[in-house]
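Breakdown of the fold
Here is what each chain is made of, one letter per residue.
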Amino acid sequence: MARTHYIAGNWKMNTSKAEAVKLASDLVSALKGKTNKFMIGVPFVYLDAVSQVVKGSNIILAAQDCAATANGAHTGEVSTEMLKDLGVQCVILGHSERRHEIGESDELINKKVRRALNEGLEVDLCIGELLADREAGNAEQVCAFQLSADLAGVTEEQMKRVTIAYEPVWAIGTGKTATPEDAEAIHKFVRGYIAKLYNQKVADEVIIQYGGSMKASNAPELLAQPDIDGGLIGGASLKAETFVPICEC
Ligand code: PEP
């Protein structure tokens, strides 16, 4: 089954407005005409400015979170309506930094996933185990639990707008990367689990990205694995010179 390679950058809480605009315009030029799927996850406050830059390009604009509810009395929250108004097409949800720093539960992540999908957005859903889970031999169990909980109520049709990012938490921002074989084993498991939750067609079509210290030097080997269809990249997505080579893998 040929799946498009999907390379996404998660800028997290980084860049100034000027740097965000410059990075986005460098990426628009460098990725023009390339056929893989590309996305950038931009801080809320720069989405409007970056939206003007990526409009009409082959780069999908993503937010790094969204509210689980519609517009209303929810101080500090940002709704899917507001995001769509700015030209946002995708939302990164369930990132480990939101799960473990902010304390987002799978129940809340599921509400956000359903809200974003019901509003017509794409979702890049992050899952992955902590080091203690891996050392206890529970990596698959953790990913299975997160998938069932976070995708509860998501229809087969909506799964066409869902990408899964497998991000072992111990590999995020640490410089430690899962070996291609270890990453492939979990990706294969995740695809099999999606087949159990839905069916083989959904599993064959779903894009599963790897995330965790991916860079140009390790991306080719990771992306060569049969079930690794792309990457969600943090640190190396903050400069065009480190992100574009991954996009070109
Ligand atoms: C991430 O935050 O999704 C990520 C994978 O970060 P890094 O590439 O810096 O490990």
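Residues numbered from 1 in each chain as written. Predicted model: local features only at pLDDT ≥ 70, side-chain atom pairs only at ≥ 80, totals over all residues. Heavy atoms only, no water.

**Here's the deal with the overall build of the protein chain**
What the protein chain contains, in helices and strands, is eleven helices and eight strands. Computed over C-alpha atoms, the radius of gyration of the protein chain comes to 17 Å, within 12% of the 18 Å expected from 2.2 N^0.38 for 249 residues, which places it in the range of a compact globule. Each principal axis of the C-alpha atoms in the protein chain carries an extent, and together these give about 45 × 45 × 35 Å. Taking all 249 residues of the protein chain together, 53% fall into the buried category. Counting only contacts in the protein chain whose residues sit at least 6 apart along the sequence, the fraction spanning at least 24 positions is 72%. As presented, the protein chain carries roughly 10900 Å² of accessible surface, and 53% of it is formed by carbon and sulfur atoms. For the protein chain, the separation between the mean place of its 25 positive charges and that of its 33 negative charges on side chains is 4 Å. (Helix = DSSP H or I, 4+ residues; strand = E, 2+ residues; numbered from the N terminus. Rg over C-alpha atoms; globule rule 2.2 N^0.38 Å. Buried < 20%, exposed > 50% of the residue type's maximum accessible area, 1.4 Å probe, protein only. Contact = heavy atoms within 4.5 Å. Areas by Shrake-Rupley, 256 points an atom, 1.4 Å probe, with all protein chains shown as cover. Lys, Arg positive; Asp, Glu negative; His and termini not counted. Charge placed at Lys NZ, Arg CZ, Asp CG, Glu CD.)

**Observations concerning the UniProt feature "binding site: substrate" (unreviewed entry) in the protein chain**
Look at the UniProt record and you will see "binding site: substrate" (unreviewed entry) annotated at Asn10, Trp11, Lys12, Gly173, Ser213, Gly234 and Gly235. These annotated residues cover 226 residues of sequence, and their C-alpha atoms lie no more than 14.0 Å from one another, placing them together at a single site. In this structure, the largest pocket is lined, among the annotated residues mentioned, by Asn10 and Lys12. Residue classification places Trp11 among the buried residues on the basis of a relative accessible area of 0%. With residues near it in sequence (within four places) discarded, Trp11 still touches Ala20, Leu23, Ala24, Leu27, Ile40, Gly41, Val42, Pro43, Val50, Gln64, Ser237 and Leu238. Relative to the elements of secondary structure, Ser213 occurs in the loop between β7 (207-210) and α10 (219-223). Ignoring anything within four residues of it in the chain, the contact list for Ser213 reads Ala171, Gly173, Thr174, Gly175, Lys176, Thr177 and Asn218. A distance of 2.9 Å separates a polar side-chain atom of Ser213 from the backbone nitrogen of Gly175. (UniProt positions renumbered as here; feature names shortened; annotations may be inferred. 1 Å grid on protein atoms, 1.4 Å probe; cavity = no way out; pocket = protein on both sides within 12 Å on 5 of 7 lines; lining within 4 Å. Polar contact = N/O pair within 3.5 Å; in protein donor to acceptor, adjacent residues only side chain to side chain.)

**Structural notes on the layout of surface pockets**
Here the largest pocket defines a volume of roughly 360 Å³. Lining the largest pocket are 14 residues; nearest its centre among them are Lys12, Met13, Gln64, Glu97 and Arg98. Among the elements that take part in the lining of the largest pocket, helix α4 (residues 96-102) stands out by supplying four residues, more than any other. Looking at the lining of the largest pocket, its residues break down into six nonpolar, three polar and five charged. What lines the second largest pocket is a set of 17 residues, and nearest its centre among them are Met159, Lys160, Glu205, Val206 and Ile207. Where the lining of the second largest pocket is concerned, the elements lending two or more residues are β6 (162-166) and α9 (200-205). Of the residues forming the lining of the second largest pocket, the biggest block, three residues, is contributed by α9. (Points joined across faces, edges and corners; volume = space filled by probe spheres on them. Nonpolar A, V, L, I, M, F, W, Y, C, P; charged D, E, K, R; others polar.)

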